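Architecture and fold: a report
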Amino acid sequence: MDVSPTLWGLTILGLAALIAVDFFIGGRKPHEVSLKEAGIWTAVWVALAALFGLGLLVFGGGAPAGEFFAGFITEKSLSVDNLFVFVLIMSKFAVPATYQQRVLMVGVLIALVLRAGFIGAGAAIIANFSWVFYLFGAFLIWTAWKLVQEARAGEEDEEFEENRFLKAVERRFPSTDRYHGTRLFVVENGRRLMTPMLIVMLAIGTTDVLFALDSIPAIFGLTQDPYIVFTANAFALMGLRQLYFLIGGLLKKLVHLSYGLSIILGFIGVKLVLHALHESGVAVPEIGIPVSLGVICAVLVVTTVTSLRASKRQTTAEATAGKEAAAGRDAAAVEAGERVRG
């Protein structure tokens, strides 16, 4: 897709305007986000992404639109995994519920800027070194296998560990031990200090870079158009803040999410390897966007359904076990009472 500098500029300005509207309407005044508010804004961002995809369909054709929707759905599904870490970060820094929305808004903006750099670097590498598709494909297949191994082992991150950049910032710049509203810096005893608000924003933004290591190669496996890669990432990330509040309580119920993401990453990895072989002159079939989109959507639907069913069975089993334990304690108490009376 041939994108002029003017269109790039208008797109960035449009995205900036949407972010500004989101901030002044929903995020300017710190407050606890209700499920209703989160649901409305989540629907708004999904609708905006759909409208953008339809615009690509009208003005660019079916191929760019299909690549955008496949990329957007992939990035959105992979970003759900980010939410687990965001919950850990909020807990570690004891972020008050009133300020969590502001933290996520700025953190996601930092992540978007950092991802733009990754996308630019990835596009430049692909344009000059076509063999990099082999590396991307192998990396995604390895990541998929690692996710499966971790899921089978039942590994869960119970505590957030600060990255090197964050540790370096905390060592170099002194900070306060309590929040001062939404202020990022305060002056105490003549010293300019960071507040935990700034630290947690940096934690959200820089931690996302780790997730970009697999999500950026994944979307380049669906499209090599930097414009589509950037816009798909932008729409997926900008709605992440509302998604955090909407499904935060459901995250623990998505017990099969790792398996679903591993299938998606492995599938795209195979697609990349096949594409690299095809570019090298090997007669192998390539996987088209319609097939990719169908596989990604099917995996997400199946993963969600099986996760909710498994969580429901687990909740029922725990409730039954609790009732049986309570009944056992009551029976033991009755028997003890009878012995005392006897």
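To be clear, the structure that these remarks concern was listed above.
Quick notes on the rules
- Residues numbered from 1 in each chain as written.
- Predicted model: local features only at pLDDT ≥ 70, side-chain atom pairs only at ≥ 80, totals over all residues.
- Heavy atoms only, no water.
- 1 Å grid on protein atoms, 1.4 Å probe; cavity = no way out; pocket = protein on both sides within 12 Å on 5 of 7 lines; lining within 4 Å.
- Points joined across faces, edges and corners; volume = space filled by probe spheres on them.
- Helix = DSSP H or I, 4+ residues; strand = E, 2+ residues; numbered from the N terminus.
- Phe/Tyr/Trp six-rings, centres within 6.5 Å; stacked < 30°, edge-to-face > 60°.
- Buried < 20%, exposed > 50% of the residue type's maximum accessible area, 1.4 Å probe, protein only.
- Lys NZ or Arg CZ within 6 Å of the ring centre and 35° of its normal.
- Pairing = 2+ DSSP bridges.
- Axes fitted to C-alpha atoms, helices over the stretch in contact; angles between N-to-C directions.
- Parallel < 35°, antiparallel > 145°, perpendicular 65-115°, else oblique.
- Left-handed = near helix turned anticlockwise from the far one by under 90°.
- Contact = heavy atoms within 4.5 Å.
- Nonpolar A, V, L, I, M, F, W, Y, C, P; charged D, E, K, R; others polar.
- Salt bridge = Lys/Arg side-chain N within 4 Å of Asp/Glu carboxyl O.

1. Section: the layout of surface pockets
- In this structure, the second largest pocket occupies an estimated 390 Å³ of space.
- Contributions of two or more residues to the lining of the second largest pocket are made by α3 (62-92), α9 (240-247) and α11 (289-341).

2. Notes on the packing of aromatic side chains
- Inspection of the entire model under this criterion finds 10 aromatic pairs.
- A centroid spacing of 5.9 Å and a plane angle of 45 degrees characterise the contact between W8 and F230, whose relative ring orientation is tilted. A residue pair is termed long-range when its members are at least 10 positions apart, and W8 in helix α1 (residues 5-27) and F230 in helix α8 (residues 226-238) qualify at 222 residues.
- Residue class for F230 comes out buried when judged on its relative accessible area of 12%.
- Between F68 and F69 the ring centres are 5.6 Å apart and the planes differ by 70 degrees, which places this aromatic pair in the edge-to-face class.
- By relative accessible area, which is 0% here, F68 ends up buried.
- Joined through ring pairs, the aromatic side chains of W8, F52, F68, F69, F72, Y227, F230 and F235 make up one cluster.
- Lying across the ring of F185, R192 places its NZ or CZ 4.5 Å from the centre.

3. Focus on α9
- The buried fraction of α9 is high, at 7 of 8 residues.
- Inspection of α9 places L240, R241, Q242, L243, Y244, F245 and I247 among the buried residues, and these make up the whole buried set.

4. Topic: the pairing of strand β2 (residues 191-194)
- Here 4 bridges tie strand β1 (residues 185-188) to β2, and the two strands are oriented antiparallel to one another. Bridge pairing in β2 links V186 to L193.

5. Re the packing of helix α2 (residues 35-60) against α8
- Two elements in contact, α2 and α8, have axes separated by 9 Å at closest approach and are oriented at 165 degrees. Accordingly, the angle class assigned to the pair α2 and α8 is roughly antiparallel. The way α2 lies across α8 gives a crossing that is left-handed. Residues W45, L48, A49, F52 and L56 of α2 pack against Y227, T231, F235 and M238 of α8.
- Of the residues that constitute the contact of α2 with α8, the class distribution is 8 nonpolar, 1 polar and no charged.

6. Concerning the side chain of Q100
- In this fold, Q100 is placed in helix α4 (residues 97-128).
- Exposure remark for Q100: the relative accessible area of 14% places this residue in the buried category.
- Residue contacts for Q100: discarding those within four places in its chain leaves M90, V95, Y244 and F245.

7. Looking at the pattern of salt bridges
- On inspection of all chains with the given rule, the structure shows 2 salt bridges.
- Residue R241 pairs with D22 through a salt bridge whose shortest N-O separation is 2.5 Å. Here R241, found in helix α9, pairs with D22, found in helix α1; they are 219 residues apart in sequence, far enough to count as distant.
- Judged by relative accessible area, which is 4%, R241 ranks as buried.
- Residue E75 is joined to R115 by a salt bridge in which the shortest nitrogen-to-oxygen separation is 3.1 Å. Of the two residues, E75 is situated in helix α3 and R115 in helix α4; the sequence distance between them amounts to 40 residues. Here E75 and R115 have matching classes, each one buried.

8. Describing the packing of α3 against α8
- Here α3 crosses α8 at 40 degrees, and the two axes come no closer than 8 Å. With respect to α8, the element α3 is oriented oblique. The two elements α3 and α8 cross, and the hand of that crossing is right-handed. Side by side, α3 and α8 meet where P64, E67, F68, G71, F72, E75, K76 and S79 of the first sit next to I228, T231, A232, N233, F235 and A236 of the second.
- Residues that form the contact of α3 with α8 fall into these classes: 7 nonpolar, 4 polar and 3 charged.

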